[in-house]
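# Overview (structure and organization)
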Amino acid sequence: MAKNVNVMALLGLLALAAVLGMASGAGGHDYALALKKSILYFEAQRSGVLPPNQRVTWRENSGLFDGKANGVNLVGGYYDAGDNVKFGLPMAFTVTMMSWGILEYGKQMASAGELRNAMDAVKWGTDYFIKAHPEPDVLYGEVGDGDTDHSCWQRPEDMSTSRQAFRIDPQNPGSDLAGETAAAMAAASLVFRGAYPGYANLLLEHAKQLFAFADKYRGKYDASIPVARNYYGSFSGYGDELLWAAAWLYEATDEGCYLEYLARNGDALGGTGWSINQFGWDVKYPGVQVLAAKFLLQGRAGAHAAALRRYAQNADFFVCSCVGKGGPGNVPRTPGGMMYHQRWNNLQFVTSASFLLTVYADYATRLAGRGGGGAVRCPGGAARPYEILAFVRSQVNYILGDNPRGTSYMVGYGGNFPRQVHHRAASIVSFRKNPSFVSCQEGYASWYPRQAGNPNVLEGAVVGGPDEYDDFADERNNYQQTEAATYNTAPLLGVLARLAGACGTGIEEYQLPPPEAANRTSSPPPASPIEIEQNVTRTWAARGATYSRYAVTVTNRSSRKTVRELHLGVAELRGRLWGLDEARYGYVPPKWRQALRAGESLRFVYVQPAGTPANVWVTGYKLV
């Protein structure tokens, strides 16, 4: 019997080696080169006084008076995408993800010769955050505003639009913005702890102050900085950022108060209630859940193991949904195999999910038993670490050109990549080449409508990407697909470093688990306090077809707690629905029904052609 198992394992290894060889051998991808270009992209997004070692030479100093009108120095930081605004929430998420990538895969970055450049990219952001946090309970969250900026097509070196700065404080709170910035500075403190301990301690002090500020004065930042709402509105609220900050502070300090916060507030802030298949600059729940799973696997949960296990079970849901083994919550895929959420900048979710999947698979491999056990139990079967990593590779390869169009969606990588990226600085002649002032009107009249490719190549930028049919139009005015953003590329740094390292070390990075480990799975999910019941209340025939009316009852079965911020997923719906409102993350009860007390029910109906009912499940909730 043992001999047969070994033969099967060998055959599996040989088959997997062949698959991976196609990706990393002849005709494959140079992940180290893609990593280098990705880090280079952040130099093109720099605001402020550029350093002597600036490698992107078509950029020049910009935003040199940022903050002056507000009596504070806010020079520096990053422009978020193709515009010239400095938005604090996505910038902080960008820094958090770059830092996390370095913490997990810094050795691989060093082997590729890119660790120093990656650390410089993080420091460019954290230097700015230190300036933006001049007092414990004050944080500047935006410089410039999207409305005036989007009416102008100018290089950042020529900016003539408003550079007003906007802040949060006790009277105008922003727990999501402060929480994400705290997470960024806590994660970055770990990046610099060995090389620059004094700087690391400074970042950690800022992180602690920002977390205390975020928790004490609660509120959504886009209510205090309304000019951000149409560009980076906080749809998921601030609960995820408070938990995210606490998790990163526990990782950075190992202080029990942050772990206790994570455990104690899991229900009220949604960490244990949200099961979602999307991770990005707005919603951090899957990231929190993966970190909680890491603490469990490391044996750092202590007395809070039960609470962290509930976080980890939601991390399992994320993994299962992404790899296609999660049932109705699975992430859809295009015909070419790309994960698909939305037409506008879909690749931001592909890169972020790829990073979480990579670290989760590696945590399980290293920490859940000998030989690479730790398979995730999914409704569609176990998802083993080597399968998860192989799926990640498929997503990265898609971005780098293995797709139906043969297009690389990383600018400057491969021979066929977007040439008309929606980006002000890249689309106008370099300031260094021609410093003549370009006005707003001239930019829109002469440079924006040009049919030719951009005069400057925005190397390493990951654009929004194709639609649900793998179609893509390389046109500057097609901003939904051709605009790049820092938070698209930031999660990819760690993934590319991981893949580059895997190519160097060979097949052992993707070992099949031994037979006894293959059956080791995560524990089953806990019983949800929310019960869903569907019943057919009427059936009729019309125009040669049969239809059914379904009544759905959603009941809070908790003995004493109230369900708030309930989100429902509804899949395979082929008719109309009444009684719920559509939201950014699924469906929500109508505004007049904001809570379900213990024992209370919510009802809605939908009409479906005869056959199977729609799939209805709970996406997220907070239990108070």
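Looking at an unreviewed UniProt entry, the protein carries the name Endoglucanase, with the source organism given as Urochloa decumbens. In UniProt, the protein has this text filed under Subcellular location (unreviewed entry): "Secreted".

### Describing the pairing of strand β11 (residues 601-609)
Among the nine residues in β11, seven count as buried, and that is most of the element. Two elements, strand β7 (residues 577-578) and β11, share two bridges in a ladder whose sense is antiparallel. Residue pairing across strands places W578 opposite V605, the latter belonging to β11.

### Some words on helix α6 (residues 175-192)
An ideal rise of 1.5 Å per residue puts 26 Å on 18 residues; α6 measures up with 26 Å between its terminal C-alpha atoms. α6 sits mainly inside the fold: 18 of its 18 residues count as buried.

### Here we look at the pattern of salt bridges
Following the criterion strictly, the structure yields 26 salt bridges and no others. For E180, the salt bridge identified is with K284, shortest N-O distance 2.6 Å. Highlighted residues: E180 in helix α6 and K284 in the loop between α11 (256-264) and α12 (285-297), separated in sequence by 104 residues. Per residue, the accessibility class of E180 equals that of K284, and both read buried. Here D215 and R218 are joined by a salt bridge, their closest N and O atoms 2.6 Å apart. Salt bridges here are not isolated pairs; linked through shared partners, they connect E104, E251, D254, K294 and R300.

### Quick look at the packing of aromatic side chains
All chains considered together, the criterion is met by 29 aromatic pairs. Seen in terms of ring centroids, W153 and Y444 are 5.9 Å apart; in terms of plane orientation they differ by 45°. Their pairing is tilted. Pair noted here: W153 is in the loop between α5 (146-149) and β3 (165-168) and Y444 is in helix α17 (residues 440-447), with a separation of 291 residues, a long-range link. By relative accessible area, which is 0% here, W153 ends up buried. On the basis of an interplanar angle of 65° and a centroid distance of 5.8 Å, the ring pair of F211 and Y258 is categorised as edge-to-face.

### Let's talk about the sheet that holds strand β4 (residues 530-542)
Strand order in the open sheet made by the four strands is β4-β5-β11-β7, with antiparallel pairing throughout. The open sheet has two free edges, formed respectively by β4 and β7, since each of these has just one partner strand.

### Here we look at the packing of α12 against helix α13 (residues 305-323)
At their nearest, the axes of α12 and α13 sit 7 Å apart, and the two run at 125° to each other. Comparing their axes, α13 and α12 come out oblique. The handedness of the crossing between α12 and α13 is left-handed. Contacts from P286, V288, Q289, V290, A292, A293, F295 and L296 of α12 reach α13 at A305, L308, R309, Y311, A312, N314, A315 and F318. Across the contact of α12 with α13, the residue classes tally to 13 nonpolar, two polar and one charged.

### Some words on the nonpolar core
Membership of the largest hydrophobic core comes to 156 residues, with the highest contact counts inside it found for W100, F192, W244, W248, V396, L458 and L496. Top element by residues in this core is α6. It accounts for 12 residues. When neighbours within four sequence positions are excluded, W248 is seen to be in contact with T96, W100, L103, A183, A186, A187, L190 and L291.

### Here we look at the UniProt feature "active site" (unreviewed entry) in the protein
When the UniProt feature table is mapped to this numbering, "active site" (unreviewed entry) covers H422. For H422, the location among the structural elements is in the loop between α15 (385-399) and α16 (424-427). Non-local contacts of H422, meaning those with residues more than four positions away in its chain, are made with G82, W153, Y448, R476, Y479, T482 and E483.

### A short note on unusual backbone geometry
Excluding glycine, most residues fall at negative phi; most peptide bonds, likewise, are trans. Phi at E565 is positive, roughly 50°, even though this residue is not glycine. Relative to the elements of secondary structure, E565 occurs in strand β6 (residues 563-571). Judged by relative accessible area, which is 38%, E565 ranks as partly exposed. Positive phi, normally seen in glycine, also occurs at E572, with a value near 60°. Looking at the secondary structure, you find E572 in the loop between β6 and β7.

What counts, and where the lines are drawn
- Residues numbered from 1 in each chain as written.
- Predicted model: local features only at pLDDT ≥ 70, side-chain atom pairs only at ≥ 80, totals over all residues.
- Heavy atoms only, no water.
- UniProt positions renumbered as here; feature names shortened; annotations may be inferred.
- Buried < 20%, exposed > 50% of the residue type's maximum accessible area, 1.4 Å probe, protein only.
- Helix = DSSP H or I, 4+ residues; strand = E, 2+ residues; numbered from the N terminus.
- Pairing = 2+ DSSP bridges.
- Expected span 1.5 Å × (residues − 1).
- Salt bridge = Lys/Arg side-chain N within 4 Å of Asp/Glu carboxyl O.
- Phe/Tyr/Trp six-rings, centres within 6.5 Å; stacked < 30°, edge-to-face > 60°.
- Axes fitted to C-alpha atoms, helices over the stretch in contact; angles between N-to-C directions.
- Parallel < 35°, antiparallel > 145°, perpendicular 65-115°, else oblique.
- Left-handed = near helix turned anticlockwise from the far one by under 90°.
- Contact = heavy atoms within 4.5 Å.
- Nonpolar A, V, L, I, M, F, W, Y, C, P; charged D, E, K, R; others polar.
- Core = buried A, V, L, I, M, F, W, Y, C linked by side-chain atoms within 4.5 Å.

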